[in-house]
Amino acid sequence: MSLVFAPPAAVTVPCAGGGEFPVHRIYCVGRNYAEHAIEMGGSGREPPFFFMKPADAVVPVAEGATGVIDYPTLTSNLHHEIELVVAIGRGGSGIRAADAAAHIWGYAVGLDMTRRDLQNEMKKQGRPWSIGKAFEQSAPIGPIVPIARCGELLHGAISVTVNGAARQKGDLKDLVWSVNETIEQLSAAWTLQPGDLIYTGTPAGVGAVVRGDVMEGAIEGLGTLKVAVR
Ligand code: MN
């Protein structure tokens, strides 16, 4: 085979304990904590819905490091959304919630960065959200912790601070659709593949960041994710 130009480098995320996780796709769940759904104008009790980001939106941040993202173009309202990220190690379609844990390779702390002004405008017009969600560097992520090391994460504090001040705070037990239910719903619509990442939704308290801000996310059992905006 003769490629007409060099293919892009594989997108990978470092794993706690060694190795790199090759990223296939990034799925994201909307409005998956009741209080956040309400702050976004919903009822808090809706069926799950999904959107995607390109794999190369990932910004991997090594343990103890501070990642850097550039303030994106076209927005004046860049929001942080702290999220539990599920890393799929075994693919499949039609996976039942009861069997879903066997498909999980590990978990990470992630940020679903959002151009909220553009997302809101698209919502208003009934158009796709891509410009608000699926831009470069919109998916910072910390090291992936193997489920073999941390066990199944069913509860635990999730939070993010900006410049040390509390912003979002929640608990994984308050997910409207649990990780296992999310895998069931997702795999009914798409065939999951090893390397897929699922951003599982964000708790209440989303807000804006500006250049110079430093976000620090944390999930009990996974550690922290520190990202500066330049
Ligand atoms: Mn989100």
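Preceding this paragraph is the structure being described.
For every chain, the first residue of the written sequence is number 1, and numbering continues from 1 onward in sequence order. Reporting in this predicted model follows two pLDDT cut-offs: at least 70 for local features of residues, and 80 or more for side-chain atom pairs to be given and counted; totals over whole chains, interfaces and linings ignore these cut-offs and use all residues. Water and hydrogen atoms were dropped before computing side-chain values, which therefore reflect all heavy atoms in the structure.

Draft legend 1. Summary view of the pattern of salt bridges. Any Lys or Arg side-chain nitrogen found within 4 Å of a carboxyl oxygen on Asp or Glu counts as a salt bridge. On inspection of all chains with the given rule, the structure shows nine salt bridges. A salt bridge links Arg 31 to Glu 46; its shortest N-O distance comes to 3.6 Å. Here Arg 31 is found in the loop between β3 (26-29) and α1 (34-39), whereas its partner Glu 46 is found in the loop between α1 and β4 (50-53), with 15 residues between them in sequence. The closest approach of N and O atoms between Asp 112 and Lys 53, which form a salt bridge, is 2.8 Å. Secondary structure elements are defined from DSSP: runs of H or I of at least 4 residues count as helices, runs of E of at least 2 residues count as strands, and each element is numbered from the N terminus.

Draft legend 2. A look at the sheet that holds strand β7 (residues 78-80). With antiparallel pairing, three strands are arranged side by side in an open sheet as β10-β7-β16. A strand with exactly one partner marks an edge of an open sheet, and here the two such strands are β10 (114-115) and β16 (207-208). For two strands to be treated as a pair, DSSP must find at least two bridges joining them. Summarising the sheet, β7 and β16 pair through two bridges and their orientation is antiparallel. If you follow His 79 over to β16, its bridge partner there is Ala 208.

Draft legend 3. Expanded view of the coordination of the manganese ion. With water excluded from the atoms, a metal site may look incomplete; its donors are any N, O or S atoms within 2.8 Å, or within 3.2 Å for Na, K and Ca. In this structure, Glu 81 (OE), Glu 83 (OE) and Asp 112 (OD) serve as the protein donors to the manganese ion, at separations of 2.0 to 2.1 Å. Mapped onto the sequence, the residues coordinating the manganese ion show the spacing E-x1-E-x28-D. Under the relative-accessibility criterion, Glu 81 is labelled buried at 5%. Using a 1.4 Å probe on the protein chains alone, a residue whose accessible area is under 20% of its type maximum counts as buried, one over 50% counts as exposed, and one in between counts as partly exposed. Residue Glu 83 is classed as buried on the basis of its relative accessible area, which comes to 1%.

Draft legend 4. How the structure looks around the sheet that holds strand β14 (residues 165-171). Strand order in the open sheet formed by five strands is β6-β18-β17-β13-β14, and the pairing between neighbours is mixed. Across the chains shown, the open sheet's two edge strands, defined by having one partner strand only, are β6 (66-69) and β14. Pairwise comparison of adjacent strand axes, ignoring direction, gives a mean angle of 20° for this sheet. The pairing of strand β13 (residues 157-162) with β14 spans six bridges and is antiparallel. Within β14, the position partnered with Ile 158 by the bridge is Gly 170. Interaxial angle, 0 to 180 degrees, is taken between N-to-C directions of lines fitted to C-alpha atoms, where a helix line uses only the stretch in contact.

Draft legend 5. Structural context of the nonpolar core. Residues belong to one nonpolar core when they are buried, are Ala, Val, Leu, Ile, Met, Phe, Trp, Tyr or Cys, and are joined through side-chain atoms within 4.5 Å. Ranked by size, the top nonpolar core spans 40 residues in total, and within it Leu 84, Val 86, Leu 111, Met 113, Ile 183, Met 215 and Leu 222 carry the most contacts. Elements supplying a minimum of two residues to this core: β3, β8 (82-88), β9 (104-111), β13, α5 (179-189), β17 (214-219) and β18 (223-229). Apart from residues lying up to four places away in sequence, Ile 183 is in contact with Val 86, Ile 88, Ile 95, Ala 100, Ile 104, Leu 192 and Ile 198. Every residue pair with non-hydrogen atoms within 4.5 Å of one another is taken to be in contact.

Draft legend 6. Region of the structure containing the side chain of Thr 182. Its location among the elements puts Thr 182 in helix α5. Residue classification places Thr 182 among the buried positions, given a relative accessible area of 2%. For the purposes of these results, a polar contact is taken to be a pair of N or O atoms within 3.5 Å, where, inside protein, one atom must be able to donate a hydrogen and its partner to accept one; residues adjacent in sequence count only when each atom of the pair is a side-chain atom. A polar contact is formed between the side chain of Thr 182 and the backbone oxygen of Trp 177, at a distance of 3.4 Å. The contact partners of Thr 182, leaving out residues within four places of it in the chain, are Val 29, Asn 32, Phe 50, Trp 177 and Ile 198.

Draft legend 7. How the structure looks around the side chain of Asp 196. Residue placement: Asp 196 occurs in the loop between α5 and β15 (197-199). Buried charge without a partner: Asp 196 forms no salt bridge, and the closest opposite charge is Arg 25, 5.2 Å away. A polar contact is formed between the side chain of Asp 196 and the backbone nitrogen of Gln 193, at a distance of 2.7 Å. This count recognises Lys and Arg as positive and Asp and Glu as negative, with His and chain-terminal groups excluded.

Draft legend 8. Region of the structure containing the environment of Asp 99. Relative to the elements of secondary structure, Asp 99 occurs in the loop between β8 and β9. Sequence spacing of Asp 99 and Gly 89 is 10 residues, and the spatial spacing of their C-alpha atoms is 13 Å.

Draft legend 9. Seen up close, the environment of Gly 106. With respect to the helices and strands, the residue Gly 106 is situated in strand β9. Sequence separation between Gly 106 and Gly 151 is 45 residues; the distance between their C-alpha atoms is 8.7 Å. When sequence neighbours within four positions are dropped, the list of residues in contact with Gly 106 reads Val 85, Val 86, Ala 87, Ile 144, Val 145, Pro 146 and Ile 147.

Draft legend 10. Examining the pairing of β9 more closely. Among the eight residues that make up β9, seven are buried, leaving the element largely enclosed by the rest of the structure. Pairing geometry for β8 and β9, over seven bridges, is antiparallel. Along β9, the bridge assignment pairs Glu 83 with Gly 110. Examined bridge by bridge, β9 and strand β12 (residues 145-146) share two bridges and lie antiparallel to one another. By the bridge assignment for β12, Gly 106 is matched with Pro 146.

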